[in-house]
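What follows is each chain in one-letter form.
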Amino acid sequence: MQLRPKTGEHSIFKIGTITLNTSTYQVFKGDEEISLTQKEFALLEHLIRNKGMVCRRSRIIESVWDIHFDYNTGVIDVFINALRKKLKLGKDENYIQTVRGVGYIAKEI
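Residues take numbers from 1 onward in each chain, read along the sequence in its written order. Predicted model: local features are reported for residues with pLDDT of at least 70 only, side-chain atom pairs are reported and counted for 80 or more only, and whole-chain, interface and lining totals are derived from all residues. Side-chain measures were taken over the full set of non-hydrogen atoms in the model, leaving aside hydrogen atoms and water.

### Observations regarding the packing of aromatic side chains
Ring pairs are drawn from Phe, Tyr and Trp, using the six-membered ring of Trp, whenever the two centres fall within 6.5 Å, and their geometry is named by plane angle: stacked under 30 degrees, edge-to-face over 60, tilted for the rest. Tallying each qualifying case throughout the model produces 2 aromatic pairs. Their ring planes at 80° and their centres at 5.1 Å tell us that Trp-65 and Phe-79 sit as a pair that is edge-to-face. On the criterion of sequence distance, the pair formed by Trp-65 in helix α2 (residues 57-65) and Phe-79 in helix α3 (residues 74-86) is long-range, its members being 14 residues apart. You'll find Trp-65 and Phe-79 in the same group, each marked buried. For the purposes of this entry, the term helix denotes a DSSP run of H or I that reaches at least four residues, the term strand denotes a run of E that reaches at least two, and both are numbered from the N terminus. Accessible area is worked out with a 1.4 Å probe on protein chains only. A residue is then buried under 20% of its type maximum, exposed over 50%, and partly exposed in between.

Given below as structure tokens:
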């Protein structure tokens, strides 16, 4: 897994009021800095980089956890719930949406 941005690649990604900076490993919701674990950060980064596209559970587990075999992807649900809580995402800020039976999508609302 590569966490550092490639040369010439953007290091700041936004979705709604959430800003993710891959150079400083910081996440903000508005002006408030949100403390995330390395895996939570990597998961949020994966979703935001693929904003507007459905991210399949199998692809998330490969990209974020670097697991390339059949694995119980239920761990993703646990991390998504943790992200939603830490980011204080209410119904009016549902930037990370579940696509039942498939995975998740990050999108502007």
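### Some remarks on the packing of helix α1 (residues 38-49) against α2
Helix axes use the C-alpha atoms of the stretch in contact, all axes being lines fitted to C-alpha atoms, and the angles between their N-to-C directions lie in the range 0 to 180 degrees. Viewed as axis vectors pointing N to C, α1 and α2 meet at an angle of 130°, and their least axial separation amounts to 10 Å. For the element pair α1 / α2, the angle class is oblique. For the element pair α1 and α2, the recorded crossing hand is right-handed. Each of Lys-39, Ala-42, Leu-43, His-46 and Leu-47 in α1 lies in contact with α2, whose residues at this interface are Arg-59, Ile-60, Ser-63, Val-64 and Trp-65. Throughout, the term roughly parallel applies to angles under 35 degrees, roughly antiparallel to angles over 145, roughly perpendicular to angles from 65 to 115, and oblique to all others. It is the rotation of the near helix from the far one that decides the hand of a crossing: anticlockwise by less than a right angle makes it left-handed, clockwise makes it right-handed. When checking whether two residues touch, look at their non-hydrogen atoms; a contact exists if any pair is within 4.5 Å.

### So, the sheet that holds strand β3 (residues 26-29)
Read across the open sheet, the 4 strands follow the order β1-β2-β3-β4; overall the sheet is antiparallel. Every interior strand has two partners, whereas the edge strands, β1 (12-15) and β4 (32-34), have only one. Direction aside, the axes of adjacent strands within the sheet are offset by 25° on average. Each of β1, β2 (18-21) and β3 touches α1; the most contacted strand, β2, lies at about 110° to it. Pairing between two strands is assigned when DSSP locates at least 2 bridges connecting them.

### A few points about the pairing of strand β6 (residues 96-99)
The pairing of β6 with strand β7 (residues 103-106) spans 4 bridges and is antiparallel. Looking at the pairing, Thr-98 lines up with Tyr-104 of β7. Connecting the antiparallel pair β6 and β7 is a turn made up of 3 residues, with Gly-101 showing a positive phi of about 75°.

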